[in-house]
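Okay, here's what each chain looks like letter by letter:
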Amino acid sequence: MRVDRHGRFAKRRVQHHVGGFAAHAGQGLQRFARAWHLATMLLYQNPAGFHQVFGLAAVQANGLDVALQPRQTQIQNLLRRTRHRKQTSRGFVHAHIGGLGRQQHGGQQLEYAGVFQLGHGHGIGGLQGGKEGFDLCGFHGVSGCWQNVGQVNTGRYTMPLQFADRLNNVETSAIRELFKLLGKPGIISFAGGFPDSAMFDVDGIREASNAALTQDPGAALQYGATEGFGPLREQLAHFMGQKGAKDVAPDQLIVTTGSQQALDLIGKTMISPGDKVIVEGPTFLATIQCFRLYGAELISAPVDGHGVKTDELEKLIAEHKPKFVYLIPTFGNPSGALLSAERRQQVLEMAVKHQTLIVEDDPYGDLYFGEAPPPSLLAMSASVPGSRELLVHCGSLSKVLSPGLRVGWMIAPAELLGKATMCKQFSDAHTSTFAQATAAQYLKAGRMPATLDKVRAVYAQRAQTMGDALRKELGDAVEFVQPQGGLFVWARLTGAGGKVNDGNVYAKRAIEQGVAFVPGTPFFCANPDHATFRLSFATVGEDKILEGVARLAKAL
Ligand SMILES: Cc1ncc(COP(=O)(O)O)c(C=O)c1O
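On to the overall build of the protein. Each helix and strand in the protein was counted, giving 22 helices and 16 strands. Burial analysis of the protein (556 residues in total) assigns 50% to the buried set. Sequence separation of 24 or more characterises 73% of the internal contacts of the protein that already satisfy a separation of 6 or more.

In the predicted model, the protein carries a mean pLDDT of 78, and the fraction of residues at 70 or more is 69%. Residue range residues 1-72 is modelled with pLDDT below 50. Its contacts to residues more than four positions away, or to other chains, number 145 contacts. Long-range and interchain partners of residues 82-158, a stretch whose pLDDT sits below 50, account for 175 contacts in this model, where long-range means more than four residues apart.

It is worth spelling out the site of the ligand at this point. Near the ligand lie 13 residues; those nearest to it are Gly258, Gln260, Asn333, Ser396 and Ser398. Looking at which element gives the most residues to the shell around the ligand, the answer is helix α13 (residues 258-270), with 3 residues. In terms of residue class, the shell around the ligand is built from 4 nonpolar, 8 polar and 1 charged.

Spatially, β4-β11-β10-β9-β8-β5-β6-β7 is the arrangement adopted by the 8 strands of the open sheet, whose pairing is mixed. Edge positions in the sheet fall to β4 (253-257) and β7 (307-308), since each has one partner strand and no second. Inspection of the sheet shows strand β5 (residues 276-281) paired to strand β6 (residues 297-304) by 6 bridges, in the parallel sense. Directly across from Lys276, in β6, lies its bridge partner Glu297. Strands β4 and β11 (407-411) of the sheet are contacted by helix α12 (residues 230-242), whose axis makes an angle of about 110 degrees with β4.

Interhelical geometry of α12 versus helix α19 (residues 433-444) gives an angle of 45 degrees and a closest axis separation of 8 Å. One element, α12, and the other, α19, form an angle in the oblique class. Handedness of the α12/α19 crossing: left-handed. Every residue of α19 that contacts α12 at Pro231, Leu232, Gln235 and Phe239 is listed here: Gln436, Ala439, Ala440, Leu443 and Lys444. Residue composition of the contact of α12 with α19, grouped by class: 6 nonpolar, 2 polar and 1 charged.

In this structure, Ile358, Val359 and Met410 are the most contacted members of the largest nonpolar core, which totals 121 residues. Among the elements that make up this core, the one with the highest residue count is helix α20 (residues 448-474) (8 residues). Split by domain, the residues of this core number at least three in each of domain 2 (174-198 + 451-555) and domain 3 (202-446).

Reading the values: rules and limits
Residues numbered from 1 in each chain as written. Predicted model: local features only at pLDDT ≥ 70, side-chain atom pairs only at ≥ 80, totals over all residues. Helix = DSSP H or I, 4+ residues; strand = E, 2+ residues; numbered from the N terminus. Buried ≥ 20, exposed ≤ 12 C-beta atoms within 10 Å, placed from the backbone. Contact = placed C-beta atoms within 7 Å. pLDDT = per-residue confidence, 0-100. Near = placed C-beta within 6 Å. Nonpolar A, V, L, I, M, F, W, Y, C, P; charged D, E, K, R; others polar. Pairing = 2+ DSSP bridges. Axes fitted to C-alpha atoms, helices over the stretch in contact; angles between N-to-C directions. Parallel < 35°, antiparallel > 145°, perpendicular 65-115°, else oblique. Left-handed = near helix turned anticlockwise from the far one by under 90°. Core = buried A, V, L, I, M, F, W, Y, C linked by C-beta atoms within 7 Å. Domains from an automatic or database assignment.

Pasting the structure below:
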């Protein structure tokens, strides 16, 4: 099978399906005498499955199957009508070939040998029908397919799951794959993006949950409003006020199940397949995955040590007219970068000038090590007329208090908030009322400032230790900006002195030396910088940081 540029992807999917078919060789296709019959059937018997027709069309476009010729015009017309680019359609072809294998016909499930052939990497002669196909293509090891002509499935296998096309836009996170290696004994991990569990204010959270259960147990344990638990919305509005966003009323925010859900709701409410969205290069991997799931075409805006390069960003906005721009201006994940006040002002001004929605994701803004960072875009929007109506702000208690609570929030223009609330209704009805009541009690008890002081001090020390050790042990083999907050050091291999200059290669060598981190490539939606990698200093004590960096040096 020719898989073109999508070869890797296609092969994986096809192999997956082939596994399923292999046990069932012996089902026949013969009753479809010619390939265009099959094409027709897919078109009209299964109108919801247009992707399957794309599959045939693209295969046909590869010139592999002359028998599809009679249907070429219809298929090409269909392709033209689709929103998907041809290139994407080709991806679908290969992703769905397995799906072609099991169709209903005359109320019976049949398995088509032609599909099996595709899975095996042969031509699509099988789709031309019957023994001719067999003769033409010479299927290795599956000739049984063609001998049990037209045999009906006896129910030995079930209909394959027909996953949504949108899943073709995303792949399993490379980071997850890496995490599988972390079980190795003795490994020091700088790979996670978590806060340190030892930092959790367990006593404070226990008291807060007791208070939630004592003061209004009915409310804490009952279903609640989708928008969020009233007392928590009030506390969060107050919390935002303390951080400079003084005019946020409780009804201008909704509580979300982590800020991850806010990102998902933004995707759900704003992105139609093919819409352009600008993100930083690099940016938070789950955002890339989430927005792609909704069919976004992501455009990468370059960053430097001071966050997104606003001159480049403006050019991209003018050129692409994106649906929105997604930024992590304060101690970004993975870049750790802090967008300067000047650039923040420019971002808000360009939002107004180009009438572009800006999404500010801010889970790390409270984790600063020295001076407080410039105010959030939300807080600054008060000084740029018209910008507030073009701003969405996502916040979270995950990094400062506990990710297990799953409490995040989203502040957005009223109309967007309304649509997001509607979508949230269908998704989780509301964020856990018990978690929300606990968080509300926690904030009300006034414990947050002390908690923040503590986590800032610990992370600041670890960041310093890691930075110093990297400079000492790795020297000019890496470059990075010393983080002023957040959880991450974003580093770049320079290749100096002939040392390793690829983050993926380095990650493997590092694991061999007993230390783990995340290579930078997956954090880019386009044009990855393969020399980059991300280190988290948050969950590792100082001794371990020193040992881990020494191992990094050995892996160079
Ligand atoms: C930039 C960014 N946004 C959002 C999230 C999601 O956090 P949560 O859903 O726990 O609030 C994370 C978590 O790592 C993150 O790094």
